[in-house]
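Structural overview for review
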Amino acid sequence: MRSFLQIPIIIIIALLSFGAAKLKFETSLSKALVEKKLTQPPLKEGTSLQLGQTGAAVALGGLRSLIASIWNLRAFHHFENLDWIKLEESYGLVTTLQPQTMIYWKHGAWHLHTNASVYYNENMDLSPMRRSQMRQKYIQKGSALLEAGITENPDEWRLHLELARLWSDSYKKPNLPRSIEHYKNTLACSGLPEFQRAKLQRFLFYTMARSPEHSQEAYQFGYSLFKQSATNRTPNLTCCLFALQNKLNTPDTAHLDKSLLFPNHDTQIGWLENYWHNRRQDYPMNGVKEALHNLKTK
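What you are looking at is a predicted structure, and each value in this text was computed from that prediction instead of being measured.

Here the focus is the overall build of the protein. If you tally the helices and strands in the protein, you get 14 helices and 0 strands. When the helices and strands of the protein are listed from N to C terminus, the series reads α-α-α-α-α-α-α-α-α-α-α-α-α-α. Counting only residues that meet the buried cut, the protein has 40% of its 298 residues in that class. Summarising the internal contacts of the protein: among those between residues at least 6 apart in sequence, 57% fall at separations of at least 24. On the protein, roughly 17300 Å² of surface is accessible, and the fraction owed to carbon and sulfur atoms is 57%.

Right, dumping it as structure tokens:
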């Protein structure tokens, strides 16, 4: 009798062990498929309530991309109506349904940090202080959406780049040290195409050059780019190096002579004049005005 009762217990233990092993395997497999972007991650808690019964049933039935497209159209409708709260909610849902689709993160963030922030900044029904507060609030909201996208897609260089551009935008309220870190993160992404690397390195240099506390680092980095390839010897990079040398009183051993920086006399005048016109972007201007005066009087 005792041995008879032991048989079901052994079977139950075996089934439980098999179930635990199967669950562990399926969890590991599911995680691997999500990381390789072969399947979507499970829906977040509360998403079904936002979708409603029909939408939730369709999404759970494997048509998440379709539901995301519909809600993306709804978000555009909210944009036309200047309903920024509903627009933010819509993109929150869209990115939950399709977290591996970069265009949703980028568009949602752009609506918030650009369209919504400009709307509040130009809304004369609000006090100047309130306009400034709301503008900054929506810039932060756009940044937060991009950061959420990076949490879901840590190696996605395009989202890191969007943050770098956002925080270096002179028409918003730039945070150059923050932008520098985002550019460095962009360059560290394994998925970054090599044909984009040199251009993004130059963008990192320009942002460093605009940040006074990074002047020395900017010069060293720009110097290495200038020496690295003729492709990097653009007018803006060359003029930035010229100004940084003057600002830092660079010793002769690490100094690029103007004959190396500029092809000829007339080109130097043209490049420095264009560079001087961009002084509102906070590029270093040390010695530029004086050099232009001396060049033109020769």
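Next comes the rest of the description.
The biggest cluster of nonpolar side chains holds 38 residues, and the ones touching the most others in it are Phe205, Leu241, Leu272, Tyr275 and Val288. Elements supplying a minimum of two residues to this core: α7 (157-166), α8 (176-188), α9 (194-210), α10 (215-228), α11 (235-248), α13 (265-277) and α14 (288-297). For this core, the element with the highest residue contribution is α11, accounting for 7 residues. In this view, Val288 contacts Phe242, Ala243, Leu272, Tyr275 and Trp276; residues no more than four positions away in its chain are not counted. Of all hydrophobic cores here, the second largest spans 20 residues; its members include Ala75, Trp84, Ala109 and Ala116.

With a phi angle near 60 degrees, Leu82 is a residue other than glycine that sits in the positive phi range. One non-glycine residue with positive phi stands out, namely Asp282, at about 70 degrees. Within the secondary structure, Asp282 sits in the loop between α13 and α14.

Before going further, it helps to examine helix α4 (residues 84-97). Between the first and last C-alpha of α4 there are 20 Å, a value that for 14 residues agrees with the 20 Å anticipated at 1.5 Å per step. Buried within α4 are the following residues: Trp84, Leu87, Ser90, Tyr91, Leu93, Val94, Thr95, Thr96 and Leu97.

Reading guide: rules and limits
Residues numbered from 1 in each chain as written. Predicted model: local features only at pLDDT ≥ 70, side-chain atom pairs only at ≥ 80, totals over all residues. Heavy atoms only, no water. Helix = DSSP H or I, 4+ residues; strand = E, 2+ residues; numbered from the N terminus. Buried < 20%, exposed > 50% of the residue type's maximum accessible area, 1.4 Å probe, protein only. Contact = heavy atoms within 4.5 Å. Areas by Shrake-Rupley, 256 points an atom, 1.4 Å probe, with all protein chains shown as cover. Core = buried A, V, L, I, M, F, W, Y, C linked by side-chain atoms within 4.5 Å. Expected span 1.5 Å × (residues − 1).

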